[in-house]
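# Structural overview
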Amino acid sequence: MDHPRRRQVPTHDELAAWRLHIETFEIVRARIEARLHDDSGLSGGDYRVLLALSEADGRAMRSSELAAHIEWERSRLSGHLGRMERRGLVRREPCAEDARGSRVVLTEEGARAFHASTLPHLRAIKDVFVDALTPEQLAHLRDAAAAMRRHLHLDERS
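Residues numbered from 1 in each chain as written. Predicted model: local features only at pLDDT ≥ 70, side-chain atom pairs only at ≥ 80, totals over all residues. Heavy atoms only, no water.

## Details of the pattern of salt bridges
Tallied over the entire structure, the rule returns nine salt bridges. Across the pair Arg 19 and Glu 23 runs a salt bridge whose closest N-O atoms are separated by 3.0 Å. In this pair, Arg 19 and Glu 23 both sit in helix 1 (residues 12-40), four residues apart, roughly one turn of the helix. For Glu 23, a relative accessible area of 37% translates into the label partly exposed. With a closest N to O distance of 2.7 Å, Arg 59 and Glu 108 form a salt bridge. Of this pair, Arg 59 sits in the loop between helix 2 (44-55) and strand 1 (60-62) while Glu 108 sits in helix 5 (residues 108-128), and the two are 49 residues apart along the sequence. (Salt bridge = Lys/Arg side-chain N within 4 Å of Asp/Glu carboxyl O. Helix = DSSP H or I, 4+ residues; strand = E, 2+ residues; numbered from the N terminus. Buried < 20%, exposed > 50% of the residue type's maximum accessible area, 1.4 Å probe, protein only.)

Structure below.
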């Protein structure tokens, strides 16, 4: 018995859904990040680094661990940390476990900046993203994101 071959490329409707999703969420992210910058002077990248460090044991992480956690290339993180270090948000120090590596530490100034940015950032998320959707749509979106994470094996990482 012949089985129909599985399509190798998306259908027109599947591609339209993809484009609508990606284009819209790029705009949503850009608007939220613009509000973050306007409200706090922090970039989206700054916020991701500060969030990760604020949640880490001792408010510090090895550079390589931080890069993996926020899914950035180590070279991108290194340049970004240099800019954050010059602004007093983080400091780098030698890693006791590995002389080749460094630890990134959240400074008091960085903790203050993160704390001050959190409420305005959450308000921007609500204004730009949450308020556009019904509770049912949010639940469907959450389910779709969870399905995508499972498909990509993202929840298997520690």
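## A closer look at the packing of helix 2 against helix 4 (residues 74-86)
The geometry of a pair of packed helices is captured by two quantities: the angle between their axes and the separation between those axes. One can describe the packing of helix 2 onto helix 4 by two numbers: an axis separation of 11 Å at closest approach and a directional angle of 90°. On the basis of their axis angle, the class for helix 2 and helix 4 is roughly perpendicular. Residues Gly 45, Asp 46, Val 49 and Leu 50 of helix 2 form the contact with helix 4, whose own contacting residues are Leu 77, His 80, Leu 81 and Met 84. Residues of the contact of helix 2 with helix 4, tallied by class, amount to five nonpolar, two polar and one charged. (Axes fitted to C-alpha atoms, helices over the stretch in contact; angles between N-to-C directions. Parallel < 35°, antiparallel > 145°, perpendicular 65-115°, else oblique. Contact = heavy atoms within 4.5 Å. Nonpolar A, V, L, I, M, F, W, Y, C, P; charged D, E, K, R; others polar.)

## A look at helix 5
Its 21 residues place the ends of helix 5 30 Å apart at the C-alpha level, agreeing with the 30 Å of an ideal helix rising 1.5 Å per residue. For helix 5, the principal kink sits at Thr 118 and spans about 35°; a proline, Pro 120, occurs within the next four residues. Packed against the buried residues of helix 5 are helix 1, helix 2 and strand 3 (102-106). (Expected span 1.5 Å × (residues − 1). Bend = angle between axes of the 7 residues up to and from the residue.)

Keep in mind these values describe shape, not function.
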